[in-house]
Amino acid sequence: MVVERSNLLSMMKLSIKVLIQSSLSLGRSLDSEYPPLQQFFVVLEHCIKHGLKVKKTFIGQNKSIWAPLELIEKLCPESADIATSVRDMPGIKTGLGRARAWLHLALMQKKIADYMKVLINRRDLLGEFYDPGALIMEEEGAVIVGMLVGLNVIDANLCVKGEDLDSQVGVIDFSMYLKDPQATENTQDDSKMTAILDQKHYIEELNRHLSCTVTDLQAKMDSLEKTNSKLIEELTAATDRINVLREEQEQLKQENANILQSSQRKEEVTLQDSQAELETYRQTRQGLDEMYNVVWKQYKEEKRIRQELQKELELQIGLKQEMEVAMKLLEKDTREKQDSLVALRQQLDHVKNLNLQMFNKAQVWGEKSPLDLDVFFFFRFMCCFCSLFRAGLESALSTEKEQRQNLQRELQREQDNSTELRTQLQQLQGLQTLLDLRQEKKQLQQLCEEQEQALQEMGLHLSQSKLKMEDFKEVNKALKNHAWLKDDEATQCKQCQKEFSISRRKHHCRNCGDIYCNSCSSNELALPSFPRPVRVCDVCHSLLLQRSSIGS
């Protein structure tokens, strides 16, 4: 690989040197039949092909230099015209032929060194096409690019369309570089003779061109006389057509004005309706807010009262439980006292019976002894004591009954209070109405949201109608101010002022009607008068985008 790179570098130096010396000695532009120029393209093709990876396809192995040269179109947008022209050439079918045509066009533009420099600087992308150690990937490639800069002094006039670039055999001819020393002495004589022959050929060619030009002019005069009458007839028909188009334009203007007025009236009516609905919505929302505030205050007050009643009810329930415990204790005490009172009554009856028996015995005895009298008085005393004790027990029992009745009355009052509290609690359960009001409030809020959404949709329809009006205005303005420029009326791009050529073609802007090159009119936008996006120039593209952003 090193030896091959060194040999190719030497051959490139030699071919460029011979090409420059021969072109300067001749002092004329070179054509495609010039042998040193042909050998230069062959050596350059071998240099670019060195170390190129072989791509396997269904047909066989393919080793074409068109793939790396096609990469220059992405890296350098200025070379897009050359690549487009090469692809559009009908006689070239292979990648090798396209690559040779591309090199011819790049040399004619005097930019082959610039394009190759851009390609060599991106070695990260070249790794896809070349093996390690290829000439393009090493320092020799940069040296060759530096030598290609010297070719800018050469004027080349190459005809690419007529040549068969697909089937040419790229073999380096070393015979023109191996010259006889005696022949070098006569180079000045040969150059003079070549100059004389060139002048002779130039004069003969000029004569031939002049005779052909005279014949062509005579034929054109005849054709012009024939077509003059046709043009007069076409002019009359065109004048009639222009008058008809003017009438149609006036009708369209009138219809456009009517549509504009009706749209404005509809827009005003819609705006008034939306404002009225918005005011009604605001009033309704204000009333609902006030109602909600009142209901919320009532809810808080009812909640506070309910909490107080709940606390009081819990207190009453505690008191009731305490009263029930006290009543149970009182009933137990009363039963015990009743049992003791029954026992005392039984004892009292027994004492009465004993006293009665003693009294009967005393009457029976007649006379009483002192001892019997003592016994009698003792029993009498016991009877009095029992009667007194009975009276005390009865009074205590009546007191207990009164306390029990008081406790029962208090218990009844507490039961009444509990009943009243339960009634109030049931009334508080009417707070379900508040929940219904909340549900109604949610429904009203949902209705308000739907009304807001309807207002937004109405605003969107209004903005769309405004955009449509702007489109109508733009169409009307385009009909008034812009005219479709003919192809023969423009010789250069209106924006970049570059001359049109075979590689730099003409393109119309569908918005303003002027003619631009491809780079100045590569944008596409949707216009009101076209169903799909069309080509527009950079100026119209920026203006339409700005207007669209303002409208949105």
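Residues numbered from 1 in each chain as written. Predicted model: local features only at pLDDT ≥ 70, side-chain atom pairs only at ≥ 80, totals over all residues. Heavy atoms only, no water.

Peer 1: Before we move on, can you summarise the nonpolar core with the specific residues and values?
Peer 2: In terms of nonpolar packing, the biggest core is built from 59 residues, with Phe40 and Trp102 touching the most fellow members. Elements represented by at least two residues in this core include exactly α1 (2-26), α2 (35-49), α3 (66-70), α5 (80-88), α6 (95-108), α7 (112-121) and α9 (139-148). Looking at which element gives the most residues to this core, the answer is α2, with eight residues. Excluding residues within four positions of it along the chain, phenylalanine 40 makes contact with Met12, Ser15, Ile16, Leu19, Leu107, Leu148 and Leu151. With 16 residues, the next largest nonpolar core counts Cys509, Ile515, Val534 and Val536 among its residues. (Core = buried A, V, L, I, M, F, W, Y, C linked by side-chain atoms within 4.5 Å. Buried < 20%, exposed > 50% of the residue type's maximum accessible area, 1.4 Å probe, protein only. Helix = DSSP H or I, 4+ residues; strand = E, 2+ residues; numbered from the N terminus. Contact = heavy atoms within 4.5 Å.)

Peer 1: I'd like a rundown of the environment of isoleucine 154, residues and numbers included.
Peer 2: Checked against the element boundaries, isoleucine 154 lands in the loop between α9 and α10 (181-185). Distance from isoleucine 154 to lysine 110, taken between C-alpha atoms, is 8.2 Å for residues 44 residues apart in sequence. Filtering out sequence-adjacent residues up to four positions away, isoleucine 154 remains in contact with Leu19, Ile20, Ser23, Leu30 and Lys110.

Peer 1: Can you tell me about the packing of aromatic side chains, naming the residues and giving the values?
Peer 2: Throughout the structure, instances matching the rule amount to four aromatic pairs. Ring centres of tryptophan 102 and tyrosine 115 lie 5.7 Å apart, and the angle between their planes is 45 degrees; on these two criteria the pair is classed as tilted. With a gap of 13 residues between them, tryptophan 102 in helix α6 and tyrosine 115 in helix α7 connect regions that are remote in the sequence. Both residues of the pair, tryptophan 102 and tyrosine 115, belong to the buried class. Judged by centre distance (6.1 Å) and plane angle (20 degrees), the rings of tyrosine 292 and tryptophan 296 are stacked. Taken together, the positions of tyrosine 292 and tryptophan 296, both in helix α11 (residues 187-365) and four residues apart, correspond to about one turn of that helix. Residue classification places tryptophan 296 among the partly exposed positions, given a relative accessible area of 30%. (Phe/Tyr/Trp six-rings, centres within 6.5 Å; stacked < 30°, edge-to-face > 60°.)

Peer 1: Report on the pattern of salt bridges, specifying residues and quantitative values.
Peer 2: Opposite charge on two side chains permits pairing when their charged atoms draw close. Scanning the model with the defined rule gives ten salt bridges in all. Ionic pairing is found between glutamate 45 and arginine 100, a salt bridge with its closest N-O pair at 3.1 Å. Of this pair, glutamate 45 sits in helix α2 while arginine 100 sits in helix α6; the two residues are 55 residues apart in sequence, bridging distant segments of the chain. Residue glutamate 45 shares its accessibility class with arginine 100, and that shared class is buried. (Salt bridge = Lys/Arg side-chain N within 4 Å of Asp/Glu carboxyl O.)

Peer 1: With reference to specific residues and values, describe the packing of α1 against α2.
Peer 2: At a minimum axis separation of 9 Å, α1 and α2 run at an interaxial angle of 155 degrees. Between α1 and α2, the crossing angle belongs to the class labelled roughly antiparallel. As α1 runs across α2, the sense of the crossing is left-handed. Of the residues in α2, those in contact with Leu8, Met11, Met12, Ser15, Ile16, Val18, Leu19 and Ser22 of α1 are Pro36, Leu37, Phe40, Val43, Leu44, His46 and Cys47. (Axes fitted to C-alpha atoms, helices over the stretch in contact; angles between N-to-C directions. Parallel < 35°, antiparallel > 145°, perpendicular 65-115°, else oblique. Left-handed = near helix turned anticlockwise from the far one by under 90°.)

Shape descriptors only; they carry no functional weight alone.
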